[in-house]
Amino acid sequence: MRASGFLPVSEEWPSCYFHHDLKLYLVIYVDDFKLAGPTCNLKRGWSLLQKGLTIEAPTPVGVYLGCGHEVGQIKTVGGTTAQTVTYNMEDFLTSCVERYLELAGPGTKMKHVATPFLPDDQNLSLCRKPLVEGPSIECPWCNHTFARASAKAGNVKHSAYPACAGGSPRGTATACNNNQPISSSVGKNISPNDCSPWGTVGVESVAGPGQSLDTATCVAASHKTGGSLPPVGTDVGCLQPIAAKVLMKIIYAARLARFDLLRAVCHLATFVTKWTSECDRKLHRLVCYINSSKHLRMIGWVGDGLTVVQPHLYADADFAGCVATQRSTSGYHFAIRGPHTCFPIAGVSKRQGCVSHSTPEAEMVAADFSLRHCGLPCLALWWNLLPSKPILQFHEDNQAMIRVVETGRNPTMRYLQRTHGVSVAWLHEIFKNKELDLSYELSARMCADIYTKAFTDATLWVQVCYLINVVDPNRLPGLMQHVAEVVAGIDVVSIKPTKSPDSDTGPPRGTSSTNEYDHLSEPSWN
């Protein structure tokens, strides 16, 4: 490579080379070579490589690492001609669905769904279950549960509400005694339309040999006193033997061409070693969504010169989004943007290492993660590819976190270094550099939102998919219109509702509902 004039980009980017005279960028993966740069220099670049290597004749852009690259052209809002690249892995996703059906066994049925998520009920979290089991009383005002013996000894004047009676003033799910049969009212706040091939209800339950779900015992009731995790073998999902095979196949497509699948598949991947019946239902729902959305594509377009475009990094986090562990999820989205350019580069969704105590804390962990793993390493690459050293535009939607980074002071979270390994002083120092620009972003435009939250509303899901350029190709002109208005600062953003009705259905392929796509003509990305 060096003899041909291709020099390594940096140690952070192995197998990536750049020819400074010809302005050609070369990526090598085993025996696959991918060369990009000015069209007039491509032929000369390949000839230099062929002098020292025995390689096949170059071919036009097509399938690379199993992903189809479809190059085209489109007119932007201002009339500028932009070049588009469409990432197509529909055939691979079809094979993912077929593989799942093969492993899941006969009788497994697919149905059309609008999102890859099932509604989560935080009241079913093991972290929120009573610390004591057996006879207990519950306060009608605070819903705290007390052991009946300790309550009598301490003369606690609470009205007696048996934990399994289900008459909680808040209407929350309550714990069961050991071997207590599941009541018909348990899980009534979970939608039964969860696409489960086994028709189980929305609670974790174990049905022994010869038992039906009507006589199965609640998993939370089988824990030892004071325990927070179920003993090994308490609730093992039917799909546990095949879960890793299916998830690892899906995650490849998610990382290459379908960023909208990352949150769902990465979340399930954390439960491969502790798979439950709830994971069965979530995996089935994910595969149903893949089967329903194979026509979607991730599309990027470039209509500006290299001196205009800039790298943009969006970082976000939810708060205690994982029901099982109460941990938050970090996510970031990296893209190249300009007046007539919007090209997605990378997307990541990762559960945080420990529990966060507040949203600003979770956001700081996400910012630290995205900077170390993407933001700072990307500068070494883009300072080689772009003629001028661009500034990294960092987008954050939490004002409290931004203020902490700006001042470098956070006396209420002095434990961050020990718990999360995050240094507020380091973040403060990094963002003081002129190479980074920290700015506040409206939550309605936060591209990383889709990597951290489990959206169950069909309308909101379509909108967050558009933020990362995952779109039906027929809707691409409307998406480009909105991006142009965002860049110009003339878009209209409505406030996201605090609660939205869950929706498990959506328009079939080739059709659309009016509400889902109204914002493309009158942008309202709520």
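Thresholds applied
- Residues numbered from 1 in each chain as written.
- Predicted model: local features only at pLDDT ≥ 70, side-chain atom pairs only at ≥ 80, totals over all residues.
- Heavy atoms only, no water.
- Helix = DSSP H or I, 4+ residues; strand = E, 2+ residues; numbered from the N terminus.
- Buried < 20%, exposed > 50% of the residue type's maximum accessible area, 1.4 Å probe, protein only.
- Pairing = 2+ DSSP bridges.
- Axes fitted to C-alpha atoms, helices over the stretch in contact; angles between N-to-C directions.
- Contact = heavy atoms within 4.5 Å.
- Salt bridge = Lys/Arg side-chain N within 4 Å of Asp/Glu carboxyl O.
- 1 Å grid on protein atoms, 1.4 Å probe; cavity = no way out; pocket = protein on both sides within 12 Å on 5 of 7 lines; lining within 4 Å.
- Points joined across faces, edges and corners; volume = space filled by probe spheres on them.
- Nonpolar A, V, L, I, M, F, W, Y, C, P; charged D, E, K, R; others polar.
- Core = buried A, V, L, I, M, F, W, Y, C linked by side-chain atoms within 4.5 Å.
- pLDDT = per-residue confidence, 0-100.
- Phe/Tyr/Trp six-rings, centres within 6.5 Å; stacked < 30°, edge-to-face > 60°.

**Section: the environment of Leu479**
Moving on, step 1. Turning to its location among the elements, Leu479 is positioned in helix H12 (residues 476-488).
Moving on, step 2. Note on Leu479: relative accessible area 0%, which makes it buried.
Moving on, step 3. Each C-alpha atom of the pair Leu479 and Leu467 lies 8.8 Å from the other, and the pair is 12 residues apart in sequence.

**Thoughts on the sheet that holds strand S2 (residues 13-19)**
Moving on, step 1. Spatially, the four strands line up as an open sheet ordered S1-S2-S3-S4, and their pairing is antiparallel. Each edge of the open sheet carries a strand with a single partner, namely strand S1 (7-10) and strand S4 (32-36). Taking the axes of each pair of neighbouring strands and ignoring which way they run, one obtains an average angle of 35° across the sheet.
Moving on, step 2. Relative to S4, strand S3 (residues 24-29) is paired through five bridges, and the arrangement is antiparallel. Across the sheet, the residue bridging to Val27 is Lys34, located in S4.
Moving on, step 3. Contacting S2, S3 and S4, helix H1 (residues 39-52) crosses the sheet at an angle of about 145° to S4.
Moving on, step 4. Sheet strands in contact with helix H7 (residues 359-385) are S1, S2 and S3, and its direction is about 20° off that of S2.

**Quick word on unusual backbone geometry**
Moving on, step 1. Despite not being glycine, Lys23 shows a phi value in the positive range, around 55°.
Moving on, step 2. In this fold, Lys23 is placed in the loop between S2 and S3.
Moving on, step 3. You will see that Ala320, though not glycine, has its phi angle at about 55°, which is positive.
Moving on, step 4. Here Ala320 is to be found in the loop between strand S13 (310-317) and strand S14 (329-338).
Moving on, step 5. Residue Ala320 is classed as buried on the basis of its relative accessible area, which comes to 13%.

**A closer look at the pattern of salt bridges**
Moving on, step 1. In the structure shown here, the tally under the stated rule is 10 salt bridges.
Moving on, step 2. The closest approach of N and O atoms between Arg297 and Glu90, which form a salt bridge, is 2.6 Å. With Arg297 in strand S12 (residues 297-302) and Glu90 in helix H2 (residues 90-104), this pair connects stretches of sequence that are 207 residues apart. When sorted by exposure, Arg297 lands in the same class as Glu90, which is buried.
Moving on, step 3. Here Lys282 and Asp120 are joined by a salt bridge, their closest N and O atoms 3.6 Å apart. Residue Lys282 is located in helix H6 (residues 277-292), and its partner Asp120 is located in the loop between H2 and strand S8 (136-138); the two are separated by 162 residues in the primary sequence.
Moving on, step 4. Linked by salt bridges that have partners in common, Asp316, Asp449 and Lys453 make up one network.

**Topic: empty space enclosed by the protein**
Moving on, step 1. Under the defined criterion, the tally for this structure stands at five cavities of 30 Å³ or more.
Moving on, step 2. Taken as a whole, the largest cavity holds about 100 Å³ of empty space.
Moving on, step 3. Lining the largest cavity are Pro116, Phe117, Leu118, Asp120, Arg263, Ala264, His267, Leu268, Lys282 and Ala454.
Moving on, step 4. Looking at which element gives the most residues to the lining of the largest cavity, the answer is helix H5 (residues 262-269), with four residues.
Moving on, step 5. Taken together, Thr76, Val77, Trp301, Gly338, Pro339, His340, Thr341, Met480, Val483 and Ala484 make up the full set of residues lining the second largest cavity.
Moving on, step 6. With three residues, H12 is the largest single contributor of residues to the lining of the second largest cavity.
Moving on, step 7. In terms of residue class, the lining of the second largest cavity is built from six nonpolar, four polar and no charged.

**Side note on the nonpolar core**
Most often, soluble globular proteins keep nonpolar side chains buried together rather than apart.
Moving on, step 1. Judged by nonpolar contacts, the single largest core of 54 residues is most densely connected at Ile250, Leu261, Val265, Trp275, Leu283, Leu286 and Trp461.
Moving on, step 2. Going through the elements one at a time, strand S7 (81-88), H2, helix H4 (240-256), H5, H6 and helix H11 (458-467) are the ones with two or more residues in this core.
Moving on, step 3. Residue contributions to this core peak at eight residues, all from H4.
Moving on, step 4. With 37 residues, the next largest nonpolar core counts Tyr25, Leu381, Trp382 and Leu427 among its residues.

**Observations regarding the confidence of the model for the protein chain**
As a note on interpretation, predicted positions should not be read in detail where pLDDT is low.
Moving on, step 1. Model confidence for the protein chain is summarised by a mean pLDDT of 79, while 75% of its residues fall at 70 or above.
Moving on, step 2. Taken together, the stretch residues 151-208 has pLDDT below 50 and engages in 117 contacts with residues farther than four places along the chain or on a different chain.

**Quick notes on the packing of aromatic side chains**
Moving on, step 1. Using the criterion set out here, one finds eight aromatic pairs in the structure.
Moving on, step 2. Summarising the aromatic geometry, the rings of Phe394 and Phe431 are spaced 5.1 Å apart at their centres and angled 70° between planes, so their arrangement reads as edge-to-face. Of the two residues, Phe394 sits in strand S16 (residues 392-396) while Phe431 sits in helix H10 (residues 424-431), which places them 37 residues apart along the sequence.
Moving on, step 3. Taking the relative accessible area as the measure of exposure, Phe394 reaches 0% and is therefore buried.

**Observations concerning the pairing of S3**
Across a regular strand the side chains alternate sides, sitting on one face of the sheet and then on the other.
Moving on, step 1. Where S2 lies against S3, four bridges are found, and the strand directions are antiparallel. Its bridge partner being in S3, His19 is matched across the sheet by Leu24.
Moving on, step 2. Following S2, the chain reverses through four residues before pairing antiparallel with S3; Lys23 in that reversal takes a positive phi of roughly 55°.
Moving on, step 3. Linkage of S3 to S4, two consecutive antiparallel strands, is achieved through a turn of two residues, within which Val30 is found at a positive phi near 60°.

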